[in-house]
Amino acid sequence: MSEPLFRRVALIGIGLIGSSIALNIKASGLAGHVAIATRRRETLDKAEELGLGDSYHLEASEAVRDADFVILCVPVGICGAITREIAPHLKQGAIVSDVGSVKGAVIAQMAPHLPEGVQFVPAHPLAGTEQSGPEAGFVELFHNRWCILTPPEGTDPAAIAKVETFWQACGANVETMTAEHHDLVLAIVSHVPHLIAYNIVGTAADLEEVTQSEVVKFSASGFRDFTRIAASDPTMWRDVFLTNRDAVLEMLARFSEDLATLQRAIRWGDGDALFDLFTRTRAIRRNVIEAGQDTAKPNFGREPAGGAKPGQ
Ligand SMILES: NC(=O)C1=CN([C@@H]2O[C@H](COP(=O)(O)OP(=O)(O)OC[C@H]3O[C@@H](n4cnc5c(N)ncnc54)[C@H](O)[C@@H]3O)[C@@H](O)[C@H]2O)C=CC1
Ligand SMILES: O=C(O)C(=O)Cc1ccc(O)cc1
């Protein structure tokens with residue numbers, strides 16, 4: 001049998017993304033040893049029950065000891081504090097990475113704590129569901145999805161190549177870009193859509209007189225899709241909006257302008273303007289499907305580690 005890509009991988013945080021990575025490491029023999037750390041005993045016990053790793057730790061600093069690849073799989077707001085905690089315990093030559101949905105702020109929080117001789121290769125798999133916790137993971141999560149790497153200037157190309165090989169072995173297509181570009185693109189394709197979902201479900205819930213029971217009873221598929229997204233983890237998404245503030249505000253400003261244009265078209269009965277936009281967006285949907293990036297049913301036909309089927 002060939003040597004695994006890494007001798008010891010440490011996963012700090014074992015929710016949806018951490019557990020899906022753990023399942024991939026196991027399925028593809030990517031590491032000799034998987035050390036799992038999380039701060040809550042209950043979560044750690046669940047990870048052990050699911051057999052996600054080889055050793056289980058309440059202290060992240062213990063898990064990273066002697067690890068050659070460390071991945072932070074925690075909400076973006078705590079990446080800096082955890083990096084500070086683990087930094088003195090990192091092995092020389094280790095590669096440190098993360099999976100955060102925001103890159104600029106995460107790099108700014110983490111990089112200052114990392115010692116010389118440790119390589120930093122931030123990553124973001126564009127794959128997920130509204131579920132969280134260690135039972136939510138499943139091995140196919142990253143299959144045929146993008147994983148974006150945003151290595152800071154000066155990162156050792158060999159470390160970048162190794163992280164790329166890792167994500168490819170998890171089934172992802174890897175692309176590299178700057179953190180700034182990543183944050184701008186993700187603001188419009190992921191962050192603002194989540195904000196819109198949170199907002200529309202919140203507005204519907206606030207209109208209690210109209211919606212008491214109707215929200216549930218008559219929710220047609222469009223609204224249902226919004227409720228799925230608005231069920232995403234509150235801590236994770238609070239941190240996304242607080243850390244990608246500038247890009248989200250910039251995209252929201254553009255979104256509001258375009259919404260005002262639609263509002264005007266409705267008010268003045270400008271059917272052509274509405275028809276033209278809807279025709280353009282229908283073509284975009286076709287392109288998304290052809291590119292294989294349809295996440296409307298991210299887990300269709302698959303069993304996650306804990307049994308529940310997200311996205312349905
Ligand atoms: N959920 C999604 O669809 C996606 C999430 N991401 C990113 O992945 C990261 C993790 O997200 P999920 O796995 O979805 O979240 P999750 O809520 O399922 O898991 C987070 C895990 O972090 C750990 N954790 C939380 N606070 C901690 C602390 N103070 N100290 C140590 N461990 C702690 C716990 O083990 C928890 O299970 C986030 O940064 C998120 O932005 C990236 C792509 C998709
Ligand atoms: O569940 C969905 O529809 C998603 O959009 C999943 C997702 C959430 C956050 C990310 O940073 C990447 C993917």
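Because the structure is predicted, anything quoted here is derived from the model rather than measured.

**Details of the pattern of salt bridges**
- Summed over the entire model, instances satisfying the criterion amount to 10 salt bridges.
- Across the pair Glu 49 and Lys 46 runs a salt bridge whose closest N-O atoms are separated by 3.2 Å. Here Lys 46 and Glu 49 lie together in helix H2 (residues 41–49), a separation of 3 residues that amounts to about one turn.
- On the basis of relative accessible area, Glu 49 is assigned to the exposed category, the value being 61%.
- With a relative accessible area of 26%, Lys 46 lands in the partly exposed category.
- Between Arg 228 and Glu 130 there is a salt bridge; the shortest N-O distance is 2.7 Å. Pair noted here: Arg 228 is in helix H10 (residues 221–229) and Glu 130 is in the loop between strand E7 (123–125) and strand E8 (146–149), with a separation of 98 residues, a long-range link. Taken as a pair, Arg 228 and Glu 130 share a single burial class, namely buried.
- Here the salt bridges share partners, and the residues they tie into one network are Arg 7, Asp 66 and Lys 91.

**Concerning the nonpolar core**
- Counting residues in each nonpolar core, the largest one holds 39 residues, and the members touching the most others are Leu 11, Ile 21, Phe 142, Leu 149, Phe 166 and Trp 167.
- Looking at this core, the elements that each hand over two or more residues are strand E1 (6–12), helix H1 (16–28), strand E2 (31–37), H2, strand E4 (69–72), E8 and helix H6 (157–169).
- Within the second largest apolar cluster, 24 residues are counted, among which are Ala 10, Ile 12, Met 110 and Val 118.

**Here's the deal with the site of ligand 2**
- Taken together, Ser 101, His 124, Ala 127, Gly 128, Thr 129, Glu 130, His 194, Arg 228, Met 236 and Trp 237 make up the full set of residues adjacent to ligand 2.
- At 2.7 Å from an oxygen atom of ligand 2 is found a side-chain nitrogen or oxygen belonging to Ser 101.
- Taken together, the residues that form the shell around ligand 2 break down as 3 nonpolar, 5 polar and 2 charged.
- Both domains that meet at the shell around ligand 2, namely domain 1 (6–178) and domain 2 (181–290), each give it at least three residues.

**Overview of a nonpolar patch on the surface**
- A cluster of nonpolar residues, Val 185, Ile 188 and Val 189, forms a patch on the protein surface that exposes about 230 Å² of accessible area.
- By the secondary structure assignment, Val 185 is in helix H7 (residues 179–206).
- Residue classification places Val 185 among the partly exposed positions, given a relative accessible area of 31%.

**A word on the site of ligand 1**
- By nearness alone, 25 residues border ligand 1, and Leu 16, Thr 38, Val 74, Ser 101 and Gly 133 come closest of all.
- For ligand 1, an oxygen atom lies 2.7 Å from a polar atom in the backbone of Val 74.
- Sorting the residues of the shell around ligand 1 by element identifies H1 and E7 as the ones contributing at least two each.

**Things to note about the environment of Ala 273**
- Inspection of the secondary structure assignment puts Ala 273 in helix H13 (residues 271–290).
- Residue Ala 273 is classed as partly exposed on the basis of its relative accessible area of 32%.
- A sequence separation of 11 residues divides Ala 273 from Leu 262, and the C-alpha atoms of the two residues are 8.0 Å apart.

Criteria and thresholds
- Counting restarts for each chain: residues are numbered from 1 in the order of the written sequence.
- Think of it this way: whatever chain is written first is A, whatever ligand is written first is 1, and the rest follow in order.
- Only residues with pLDDT of at least 70 are given local features in this predicted model, and only at 80 or more are side-chain atom pairs given and counted; all residues enter the totals for whole chains, interfaces and linings.
- Hydrogens and waters are ignored; side-chain quantities use all the structure's heavy atoms.
- Salt-bridge detection follows one rule: a side-chain nitrogen of Lys or Arg within 4 Å of a carboxyl oxygen of Asp or Glu.
- Helix numbers and strand numbers start at the N terminus; a helix is a DSSP run of H or I with at least 4 residues, a strand a run of E with at least 2.
- Note on exposure labels: buried denotes an accessible area under 20% of the residue type's maximum, exposed denotes more than 50%, and partly exposed covers the range between, all computed with a 1.4 Å probe on protein chains only.
- Side-chain atoms within 4.5 Å are what join buried Ala, Val, Leu, Ile, Met, Phe, Trp, Tyr and Cys residues into a set we call a nonpolar core.
- Residue proximity to a molecule or strand is established when one non-hydrogen atom of the residue lies within 4 Å of it.
- Polar contacts, as used here, are pairs of N or O atoms within 3.5 Å; protein pairs need one atom able to donate a hydrogen and one able to accept it. Residues neighboring in sequence count only if both atoms are side-chain atoms.
- Under the scheme applied, nonpolar residues are Ala, Val, Leu, Ile, Met, Phe, Trp, Tyr, Cys and Pro; charged residues are Asp, Glu, Lys and Arg; polar residues are all the others, including Gly.
- Either an automatic procedure or a domain database provided the assignment from which the domain bounds are taken.
- Think of a patch as exposed residues, more than 30% relative accessible area, with no salt bridge, where like charges cluster within 9 Å and nonpolar side chains (Val, Leu, Ile, Met, Phe, Trp, Tyr) cluster within 5 Å.
- Surface exposure here means Shrake-Rupley accessible area, sampled with a 1.4 Å probe, where a residue is shielded only by the protein chains that are shown.

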